[in-house]
Structures are given as structure tokens and as C-alpha cells.
Amino acid sequence: SVRFHFATAAELVEITGRQARNLDQLHGLLREAEPAAIFHHTYQTLREHHFLLERYPNDFADWVHAACGEPALAERLAGIDLRAHRSLRSLQATFVRLLEEHLDAFPASRTRPARTAFDLCTAISVVTPTGDHATTLPEFRAAIARASTATIHHHFVTARLRLDLVSNDFSAWLETALRRADLARRLECIDIVMQTLEGIRASILRALT
């Protein structure tokens, strides 16, 4: 059967040069952003947010609260269920819609200057094989148990950008190589937002027992 080759990745943040200094400009940025930028500010930053669970789970909500002083809008943006979206364009449209609804309801907030600018970023992954691999389910489970959190993030979080949120590397391999669609679906149901990366690993291992 097909081997699963484990890798790790360093994320190099790339500043696009596009900024927002008020909510109206954020709305423009969100409307025109590339999917990779939307991914970076929601999924990619989960790695940082996992160490700061008191923060909002995406950068847009964080900035709206901290820089714009709009806690109600921040709560709405933070409350978006990433798992409910099957494409980055769908996720992007939801951010845009929530911002539009707020600006329509509170027009004075549209051009109120933010305390700091929002820099739209994207990220480039520098991928390195770890040398670990698995052919069977027990080998796969053991490799996940000893993998670094950077490896878990690469295969289970960042992979969603390549696969446009449809799946992750672990589920894709379970379904195609081991013909275990049941396990693949179990992994796809794991909440990656409200857990640390160690919590995600524990959920994956439980799902594979």
C-alpha cells in the first residue's frame, strides 16, 4: 500500500503591502483578498492562537476588537464556524457579509480611525520531510503520537489551503491508501479552532483507536 510520508514546515509570513486603517478599508481588503490571505489570517494563525487561547480565533476579529474598539462585531467575526465552510471563497464571503451588515447598521463606525493599521498577509510554507513514514494504521497512529506539533499543523491545518478546505492530508491518505473513509470522516469532524495543537493530536489519536 501507499506510504504516508511525514513532513514539517516553517511558515514565512509575507506582507502584501495592503493595509486597512478603518472598518471600511477592512471591508475592501476582505472583498479583494486572495484565498491564501484569508487562510493565513484564519487557519494559519491558529498556531499562534493556540498559545494564547484568550485571543480571538482569527486576526480579523482580533483587530476589530483591539484596534477599532468594536467588541460586538469582533464577537460575530470570531463566531464564524470554520468547519461549516467547504471553500475559502465561502469563508471569505461570510466575513464580507458580516462586516457589511455591521457597517449598514452602524454607519458612523465605517471611517472611524483604528488605533493601529491591519496589514494583510499571506504565508509561504518551507516544507521539510521528517524521514518518518507509515504504511499501516498502527504505524500511522504511532507516527502521529511522536510527531512534532509543527508536523501536525502542516498536515492537519495548513493542508486545507492546498485542498481548499475539503479535507486534510491525514484524512486523504486514510481514504485513498487504506480505504478507511470512516476514519477519514472522523478526523474531518475534529474541531481545530478551540483546541491547542496537542489537543488536536489527542483527538486524532482517539479517532484512530
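Student: Break down the environment of Val127 for me, citing the residues and quoting the values.
Tutor: Looking at the secondary structure, you find Val127 in strand E2 (residues 118-134). As for Val127 and Thr151, which are separated by 24 residues in sequence, their C-alpha atoms are 9.7 Å apart.

Student: Explain the side chain of Thr158 to me, using residue names and the numbers behind them.
Tutor: Mapping Thr158 onto the fold places it in helix H8 (residues 149-162). The class of Thr158 is buried, set by a relative accessible area of 5%. Look past the residues within four positions of Thr158 in its chain and what remains in contact with it is Glu11, Phe39, Gln44, Ser125 and His153.

Student: Outline the packing of aromatic side chains, listing residues and values.
Tutor: Counted according to the given criterion, the structure contains 13 aromatic pairs. When the ring of Trp63 is compared with that of Phe118, the centres are 5.7 Å apart and the planes differ by 70°; the resulting orientation is edge-to-face. On the criterion of sequence distance, the pair formed by Trp63 in helix H4 (residues 59-66) and Phe118 in strand E2 is long-range, its members being 55 residues apart. Per residue, the accessibility class of Trp63 equals that of Phe118, and both read buried. Aromatic rings pair up to connect Phe4, Phe6, Phe140, Phe156, Phe170 and Trp173 into one cluster. Sitting over the face of the ring of Phe156, Arg160 holds its NZ or CZ atom 4.9 Å from the ring centroid.

Student: Can you explain the pattern of salt bridges? Please cite residues and give values.
Tutor: This structure, assessed with the given rule, holds nine salt bridges. Note that Glu32 is salt-bridged to Arg31, the shortest N-O span being 3.9 Å. The class for Glu32 is exposed, based on a relative accessible area of 51%. For Asp104, the salt bridge is made with Arg110, and the minimal N-O distance between the two is 3.8 Å. Classification of Asp104 by relative accessible area gives exposed; the value is 60%. Residues joined by salt bridges that share partners form a network here, namely Asp24, Asp104 and Arg110.

Cut-offs used in this document
- Residues numbered from 1 in each chain as written.
- Predicted model: local features only at pLDDT ≥ 70, side-chain atom pairs only at ≥ 80, totals over all residues.
- Heavy atoms only, no water.
- Helix = DSSP H or I, 4+ residues; strand = E, 2+ residues; numbered from the N terminus.
- Buried < 20%, exposed > 50% of the residue type's maximum accessible area, 1.4 Å probe, protein only.
- Contact = heavy atoms within 4.5 Å.
- Phe/Tyr/Trp six-rings, centres within 6.5 Å; stacked < 30°, edge-to-face > 60°.
- Lys NZ or Arg CZ within 6 Å of the ring centre and 35° of its normal.
- Salt bridge = Lys/Arg side-chain N within 4 Å of Asp/Glu carboxyl O.

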